[in-house]
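Chain by chain, the residues:
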Amino acid sequence: MSELINPKIDVFSLSLDGFEGPIDLLLSLARDHKIDLTKLSIFKLAEQYLEFLDHAIKKDIDIAAEYLVMGAWLAFLKSKLLLPDDKIENSYTAEEMSELLEFQMKRLEGIKKVSKLLFKKHQLGTHFFKRGDPEFFNNNNKVHYELSLYDLIKTYGKIVTQDNNKSITIAETKFYSVKDAISRLKSFVKTSNGWINLLEFIPKNIKDKLEIKSALASHFAASLELVKEGDISLRQDNFNDKILISFKNK
Amino acid sequence: MKNLNKDYKNIDFGLNQKIVEALIFSSAEPVSYLELQKTITDNKQLDKILIALEKKYMSSGVNLYKISNSYAFRTSSEVSEHLNIERIVPKPLSRAATETLAIIAYHQPITRSEIENIRGVSLSRGTIDLLLELGWIKPGQRRATPGNPLTWKTSNNFLDHFGLKEINELPGIEDLKSSGLLDKNKIIFSDQTID
Amino acid sequence: MKNLNKDYKNIDFGLNQKIVEALIFSSAEPVSYLELQKTITDNKQLDKILIALEKKYMSSGVNLYKISNSYAFRTSSEVSEHLNIERIVPKPLSRAATETLAIIAYHQPITRSEIENIRGVSLSRGTIDLLLELGWIKPGQRRATPGNPLTWKTSNNFLDHFGLKEINELPGIEDLKSSGLLDKNKIIFSDQTID
């Protein structure tokens, strides 16, 4: 609720979890020590930040890179403030650096203030309300389909992520179906006489080994089916002998 | 304070009328007298308020209607003669249509078979028709490939509907990735070939 | 008939006002000026009607709101505490989300990296996503800088939600402006040490 006014921060029991980044932390430190941002002592603030960081490191708190980068930046600034005559080419002066930091802090503080003001405003659906039972007019081209930009983007997001796009393609099989075998065998009913080897009925034009095996299996299954239907008789004299078919001509 | 009773009552009446007005306006269904009584306990006053509101809206574009023992605002018949009123509840677009629209938006101009390619499902006729009818897509140039297939792209209507000035304001894959709309490392787009 | 022109025009005005009133009143979402123009082509008349309607509803339980270039009726804030309406109690947004929304609102249009710059911390995934889902932000033009980053700005939905006519009505925006805190050129740290 009152993120802006952090209750007395005890620097030595603090973790970094409560902060939204190093500038947020700096703001808290400034506030905690009642440092007026307009009369900000950057030096003092930098010292406090570094002290805090030092302590956090000792306490073995996992410190995000952002805090360390800011720490390094502040340490650099501190050294510049201590040695104002130290002139490095193409580099900000201590004053410029302080100004930048001040600006950054003030800007974030400003945003924090207005974001609270914003959410203090009356809000639609909570404090004021829209028409509860809308009517629609035919002639104003109103689209009666609802689709938000969010929905559209989200949908697209789903399409381009793998999960959604994994379609399994099953290669076309070249296996000889039992159904085909049945109709094939049936077509021989009228023209065949006596016991005939089942293998004779396997289509001769099949070359692929796997396909021949599948044709054999499906013709055998088909023959069993036809026995059941009473169209043929099957015979195998001995184990491993050839299987013979006899058609019952009607 | 007690001397001001009459005045006080008047102020009360004004505010209470506004409350009743707002209640009926914002309710999804006609508001029953009983419901209104929960706010305005004084029956006499409530009756007066309802009469006042009825009068107030008498010659407006919207009238206060009494439906059995409930109250609702409805467009006046005078207006509805001029505007065709439809009691249509907006419905969400089907998944197929949404996906198709999204693909057209991001890949335009794109042919039907390319859309099918990306979605991995064939497109039913009605989908393109619906999007066309909604005015969100329009035909583009034909592809200079065998069969000269028609391409589809989004219309100005589309931009209007989604509040975009131009199509390149549509967040791209990178924007989506960083906003969390797309799961990282799951983009297969780079190696997906769309013929 | 020609002699009655003036009268006829008045009748016209009255009817047209009712039509506009009904159009806005019956819609849950703001109706754009463009939409209204489809019915009332005379701009002058339409403007007059809108002013008349605003007056008419000034002290009602329902007020006419102008939201950017659109119009909507909303219950007046005067009665807000008195309505026992089912309220959608919104889930409070995280600090990151409220600050990000404020940054987008006050600094728009703004890129993601500029938002990160102001907060001094990288934006967690899902923040932009959430604001987009709420319909409060929308993509704006891309920056003409390397990488053409997308910008974000607030939507009419955002204005509607917070009862704002326009962005200039944002609370505290004048203070921020006058103290130079909205200065675009003062984006610091970007080429500085923080990533």
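The structure presented is a predicted model; accordingly, all values stated were derived computationally and were not measured.

### What to know about the overall build of chain B
Helix and strand counts for chain B stand at nine helices and eight strands. For chain B, the proportion of its 195 residues judged to be buried stands at 43%. A separation of at least 24 residues holds for 44% of the contacts in chain B among residues at least 6 apart in sequence. Roughly 10800 Å² of accessible area belongs to chain B as shown, and the carbon and sulfur atoms make up 50% of that amount.

### Examining the confidence of the model for chain B
All names here are of chain B. Chain-level statistics for chain B give a pLDDT mean of 81 and a share of 81% at 70 or above. Mean pLDDT across the secondary structure elements of chain B bottoms out at helix H9 (residues 173–179), with 65, and peaks at strand E8 (residues 150–154), with 94. Confidence drops under pLDDT 50 across residues 183–195; counting only partners more than four residues distant or on other chains, this segment forms 27 contacts. For this predicted complex, the interface confidence reaches an ipTM of 0.78, while the overall pTM sits at 0.73.

### Concerning the sheet that holds strand E7 (residues 137–142) of chain B
All names here are of chain B. Spatial strand order, E6-E8-E7: three strands in an open sheet with antiparallel pairing. Strands with a single pairing partner mark the edges of an open sheet, and in this sheet they are strand E6 (110–111) and E7. With four bridges joining them, E7 and E8 adopt antiparallel strand pairing. Looking at E8, one finds that Arg-142 is bridged to Leu-150. In the packing of helix H5 (residues 95–107) onto the sheet, the strands contacted are E6, E7 and E8, and the crossing angle to E8 comes to about 90°.

### Notes on the packing of helix H1 (residues 22–32) of chain A against helix H2 (residues 42–58) of chain A
Residues and elements named next belong to chain A. Where H1 meets H2, the axes come as close as 10 Å, and the angle between the chain directions of the two elements is 115°. What the angle tells us is that H1 and H2 run roughly perpendicular. Of the two elements, H1 crosses H2, and the hand of that crossing is right-handed. Between H1 and H2, the contacting residues are Pro-22, Leu-25, Leu-26, Leu-29 and Ala-30 on the first element and Leu-45, Gln-48, Tyr-49 and Phe-52 on the second. Residues of the contact of H1 with H2, tallied by class, amount to eight nonpolar, one polar and no charged.

### Examining the interface of chain A and chain C
With 48 residues of chain A at the interface, the matching set in chain C holds 61 residues. Buried surface at the junction of chain A and chain C, summed over both partners, amounts to about 5200 Å²; 64% is from carbon and sulfur atoms. Together, Arg-107, Phe-129 and Tyr-150 of chain A form the three largest contributors to the area buried by chain A at its contact with chain C, with a combined 14%. Counting every contact that joins chain A to chain C gives four salt bridges. Close ionic contact of Arg-95 of chain C with Asp-24 of chain A constitutes a salt bridge, the shortest N to O distance being 3.3 Å. The tally of links from chain A across to chain C stands at 11 residue pairs in polar contact (both at pLDDT 80 or more). At the level of elements, H1, helix H3 (65–82), helix H4 (94–120) and helix H5 (149–160) of chain A are the ones that each hand at least two residues to the side of chain A that touches chain C. The element best represented in the side of chain A that touches chain C is H4 of chain A, accounting for 15 residues.

### Notes on helix H7 (residues 125–133) of chain B
Residue and element names in this part refer to chain B. Inspection of H7 places Thr-127, Ile-128, Leu-130 and Leu-131 among the buried residues, and these make up the whole buried set. Viewed end-on, H7 has its buried residues packed into an arc of 160°, placing them on one side of the element. Across H7 from its buried face, at more than 90 degrees, point the exposed residues Arg-125 and Glu-133. Just downstream of H7, Gly-135 is the residue with a positive phi angle, here 80°.

### Considerations on unusual backbone geometry
All names here are of chain B. For the bond running from Gln-108 to Pro-109, omega is -10°, close enough to zero to count as cis. Position of Pro-109 among the secondary structure elements: in the loop between H5 and E6. The backbone phi angle of Ser-68 is positive, close to 45°, even though this residue is not glycine. Along the polypeptide, Ser-68 turns up in the loop between strand E2 (62–67) and strand E3 (70–75). With a relative accessible area of 68%, Ser-68 lands in the exposed category.

### Describing the nonpolar core
Formed by 68 residues in total, the largest nonpolar core has its most connected members in Leu-93, Leu-101 and Phe-158 of chain B together with Tyr-106 and Phe-158 of chain C. With near-sequence residues (within four places) excluded, Phe-158 of chain B lies in contact with Leu-152 of chain A together with Leu-101, Ala-105, Gly-135, Trp-136, Leu-164 and Ile-167 of chain B.

### Re the pattern of salt bridges
All names here are of chain B. Enumeration over the complete set of coordinates arrives at 25 salt bridges over all chains. One salt bridge connects Arg-95 with Glu-99, and the closest N-O pair in it is separated by 2.8 Å. Here Glu-99 and Arg-95 lie together in helix H5, a separation of four residues that amounts to about one turn. Glu-99 gets classed as buried once you look at its relative accessible area, which sits at 6%. Residue Glu-116 pairs with Arg-112 through a salt bridge whose shortest N-O separation is 3.9 Å. Here Arg-112 and Glu-116 lie together in helix H6 (residues 112–119), a separation of four residues that amounts to about one turn. Residue classification places Glu-116 among the partly exposed positions, given a relative accessible area of 22%.

Rules used in this analysis
Residues numbered from 1 in each chain as written. Chains lettered and ligands numbered in written order. Predicted model: local features only at pLDDT ≥ 70, side-chain atom pairs only at ≥ 80, totals over all residues. Heavy atoms only, no water. Helix = DSSP H or I, 4+ residues; strand = E, 2+ residues; numbered from the N terminus. Buried < 20%, exposed > 50% of the residue type's maximum accessible area, 1.4 Å probe, protein only. Contact = heavy atoms within 4.5 Å. Areas by Shrake-Rupley, 256 points an atom, 1.4 Å probe, with all protein chains shown as cover. pLDDT = per-residue confidence, 0-100. Pairing = 2+ DSSP bridges. Axes fitted to C-alpha atoms, helices over the stretch in contact; angles between N-to-C directions. Parallel < 35°, antiparallel > 145°, perpendicular 65-115°, else oblique. Left-handed = near helix turned anticlockwise from the far one by under 90°. Nonpolar A, V, L, I, M, F, W, Y, C, P; charged D, E, K, R; others polar. Buried area = accessible area lost by both parts, 1.4 Å probe. Salt bridge = Lys/Arg side-chain N within 4 Å of Asp/Glu carboxyl O. Polar contact = N/O pair within 3.5 Å; in protein donor to acceptor, adjacent residues only side chain to side chain. Arc of directions from axis to C-beta. Core = buried A, V, L, I, M, F, W, Y, C linked by side-chain atoms within 4.5 Å.

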